[in-house]
Amino acid sequence: QVYLVESGGGPVQAGGSLRLSCVVSGYTSSELCKGWFRQAPGKEREGVAAICLGGDSTYYADSVKGRFTISRDNAKNTVYLQMNSLKPEDTAMYYCATEKYWSSASPLEASRYNYWGQGTQVTVSS
């Protein structure tokens with residue numbers, strides 16, 4: 001079984017920064033994709049960023065390009081999401097996820113992922 005635990009969320013003012021962390025335990029290959037997703041009340045879960053192939057490939061939603069950076073520390077089994085220039089519309093519950101096997105689905109599609117964390121809340125005030 002694979003477990004994911006997110007941390008680093010909280011309240012922040014618009015323009016501020018937060019760094020989310022996701023510790024992954026249990027067997028998972030560093031080659032497999034890890035993703036960050038978010039879900040705001042009344043909205044569908046949205047793929048924010050993903051990192052695959054040990055960090056050689058990264059993917060971002062258009063809404064966060066240039067503001068968010070995904071990275072990983074394979075030695076610590078941790079995936080990070082650095083969020084800068086935060087906006088009120090970034091307010092959501094943020095989840096990290098990992099796939100069980102390599103998939104051909106888009107790295108920003110939730111259907112690609114098999115294991116999910118419980119989420120960490122990010123609230124951006126204007």
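Each remark here, short or long, concerns the structure printed above.
Fair warning: this is a prediction, and the values are worked out from it, not measured in the lab.

Conventions and cut-offs
- Residues numbered from 1 in each chain as written.
- Predicted model: local features only at pLDDT ≥ 70, side-chain atom pairs only at ≥ 80, totals over all residues.
- Heavy atoms only, no water.
- Helix = DSSP H or I, 4+ residues; strand = E, 2+ residues; numbered from the N terminus.
- Buried < 20%, exposed > 50% of the residue type's maximum accessible area, 1.4 Å probe, protein only.
- Contact = heavy atoms within 4.5 Å.
- Areas by Shrake-Rupley, 256 points an atom, 1.4 Å probe, with all protein chains shown as cover.
- Lys, Arg positive; Asp, Glu negative; His and termini not counted.
- Charge placed at Lys NZ, Arg CZ, Asp CG, Glu CD.
- Salt bridge = Lys/Arg side-chain N within 4 Å of Asp/Glu carboxyl O.
- Core = buried A, V, L, I, M, F, W, Y, C linked by side-chain atoms within 4.5 Å.

Q: Sorry if this is basic, but what is going on with the overall build of the chain here?
A: The number of helices and strands found in the chain is zero helices and 11 strands. In terms of its C-alpha atoms, the chain occupies a principal-axis envelope of roughly 40 × 25 × 25 Å. Sorting the 126 residues of the chain into buried and exposed places 43% on the buried side. Restricting to contacts in the chain with at least 6 residues of sequence separation, those with at least 24 account for 57%. With an accessible surface of roughly 6,400 Å², the chain has 47% of that area assigned to carbon and sulfur atoms. Taken as two groups, the 12 positive and 11 negative side-chain charges of the chain have centres that lie 3 Å from each other.

Q: Teacher, can you tell me more about the pattern of salt bridges here?
A: Once the charged atoms of two side chains with opposite charge are near each other, the side chains can pair. Following the criterion strictly, the structure yields five salt bridges and no others. Measuring nitrogen to oxygen at the nearest pair gives 2.9 Å for the salt bridge that ties Asp90 to Arg38. Taken together, the residues span a long stretch of sequence, with Asp90 in the loop between strand S8 (78-83) and strand S9 (92-98) and Arg38 in strand S4 (residues 34-39) at a distance of 52 residues. Like Arg38, Asp90 is buried. Put simply, Lys65 and Asp62 hold a salt bridge, and the shortest N to O gap is 3.2 Å. A relative accessible area of 52% means that Lys65 is categorised as exposed. Relative accessible area serves as the criterion here: at 66%, Asp62 is assigned to the exposed category.

Q: Explanation requested: the nonpolar core in the structure shown.
A: Among soluble globular proteins, nonpolar side chains are generally buried collectively. By size, the foremost hydrophobic cluster in this structure holds 26 residues, and its most contacted members are Trp36, Phe68, Leu81, Met83 and Tyr94. Counting residues per element, the ones that place at least two in this core are strand S3 (18-25), strand S5 (46-52), strand S7 (68-73), S8, S9 and strand S11 (120-125). Ranked by the residues each element gives to this core, the list is headed by S3, at four residues. The residues contacting Met83, other than those within four sequence positions of it, are Gly16, Ser17, Leu18, Leu20, Arg67, Phe68, Tyr94 and Val122.

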